[in-house]
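Close look at the chain arrangement
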Amino acid sequence: MKIASLVWFPVFPARFGGQKGIALFQEHLSLHFPITCICSSDNKPEAQMQLALAPILPRSKTQFINPVCWIKILRRLRREKADILLLEHPYHALVAVLAKKLYGLRIVLHQHNIEYLRFRQLKRWWWPLLKRLESLACRQSGLVFFKTEEDRRQALHDFGLDAKKTFILPYGIERKQRRPNSRGLLQQKHSLHPEEKIILFAGTLDYEPNAEAVEKIYSELAPRLRQSGHNYRILVCGRNRFTQFHYLNQLHHPQVLLVGEVEDIDLYFEGADVFINPVSGGGGIQTKILDALAHHLPVACFTHMLSGLDASTCPGKLFPAQPNDWNDFALKLEQALSQPPLPTPESFFHYYGWEKIAADAFVRIRELGIGN
């Protein structure tokens, strides 16, 4: 069996959580199936890539409804003679249905969130149209992978899916090893005192839920920690390319350092004492929490941000606070800071390792091919 995948935005090379969730999944899956990724022109091949890239799509969201793009995709699918069309997100549902009718391709949908719910929460006027498109993608797919059981149940209710064609495929992680000098490098880079505890928050800051979280770090969390007498510094890392979010650069607190986008985010995970996720909105599993756990960091967050994460795989690493209770958040963070450093258990790396995830996906996709 041969797979052609559709990716509408840049994921190669992968730097952020959402990009890694696609790039690493497809790279590991390509060890089981030949894969050609039909993607936007801003994707670049990396050294020793197993899968093939076909960066023929424009760098625009209009590609979803552009017949010229559809023709490009259909021609490439015919050339590849693929058996399976793997959709990363439901946005290309229309051309996927055309390919199914013209070439008899079977569709596999890799859901990363329930997309319409995320944009409804963000108050985008077009979320009802997205819901219809997402419903079409789910119903036309022979196999739908979800990140969480909560998302799977929501889709069964909203889209009327057959439960037998839905499966949980968690977000994967890579095993990380701390470099012995990472903390010293971080202290030197930002003039941090050796006795200061390093608290890290990392995410795309030009995304509304993350931007709101940064505001709360300055206005709610940092003042409470200062009152507690802790010697600490909060480092905030992440991309901020959109003008409407540049107001974050004007925020100030003596214990908070807005670092911005960095080349080596692993250095910050390796050198930190604890990771915080003060996000209270958005949807889907919080990939930043999984990345922190992969770097052996304890995590303080709100309870509802652990949706989809199997806490039994990482006992002693999570410090959840009641939603929007900043006194409780500060208390849980203090607890995380006071515990001795503990490695993340092996059970976590087994459950969330890409090797296992890709192997599980291989079995399901192979069964889909055999069954048709």
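The structure displayed is predicted, hence computed values, not measured ones.

Between its terminal C-alpha atoms helix H11 (residues 326-338) stretches 18 Å, which fits the 18 Å expected from 13 residues at 1.5 Å a residue. Considered for burial, the residues of H11 that qualify are Trp326, Asp328, Phe329, Ala330, Lys332, Leu333, Ala336 and Leu337. Buried residues in H11 make contact with strand E8 (197-202), helix H8 (208-228), strand E11 (274-277), strand E12 (299-302) and strand E13 (318-321).

Time to look at the side chain of glutamine 63. Checked against the element boundaries, glutamine 63 lands in the loop between strand E3 (52-57) and helix H2 (67-80). Within the structure, the side chain of glutamine 63 is placed 2.9 Å from the backbone oxygen of serine 60, a separation counted as a polar contact. A distance of 2.9 Å separates the side chain of glutamine 63 from the side chain of histidine 92, its partner in a polar contact. Those residues in contact with glutamine 63, other than ones at most four positions away along the chain, are Trp8, Leu57, Pro58, Cys69, Trp70 and His92.

This brings us to helix H5 (residues 127-140). Taking 1.5 Å per residue as the helical rise, H5 with its 14 residues ought to reach 20 Å, and the 20 Å between its terminal C-alpha atoms agrees with that figure. Those residues of H5 that sit buried are Leu130, Leu133, Glu134, Ser135, Ala137 and Cys138. Check the buried side of H5 and you find it contacts helix H3 (93-103), strand E5 (106-110), helix H4 (115-121), strand E6 (143-146) and helix H6 (149-159).

A separate point is the pairing of E12. Side chains Val299 and Cys301 project from E12 onto one buried face, and the interleaved Ala300 and Phe302 project onto a second face that is buried too. Relative to E12, E11 is paired through 3 bridges, and the arrangement is parallel. Each residue of the ladder has a partner; that of isoleucine 276, found in E12, is alanine 300. In terms of strand pairing, E12 meets E13 through 4 bridges, oriented parallel. Each residue of the ladder has a partner; that of valine 299, found in E13, is leucine 318.

Rules used throughout
- Residues numbered from 1 in each chain as written.
- Predicted model: local features only at pLDDT ≥ 70, side-chain atom pairs only at ≥ 80, totals over all residues.
- Heavy atoms only, no water.
- Helix = DSSP H or I, 4+ residues; strand = E, 2+ residues; numbered from the N terminus.
- Expected span 1.5 Å × (residues − 1).
- Buried < 20%, exposed > 50% of the residue type's maximum accessible area, 1.4 Å probe, protein only.
- Contact = heavy atoms within 4.5 Å.
- Polar contact = N/O pair within 3.5 Å; in protein donor to acceptor, adjacent residues only side chain to side chain.
- Pairing = 2+ DSSP bridges.

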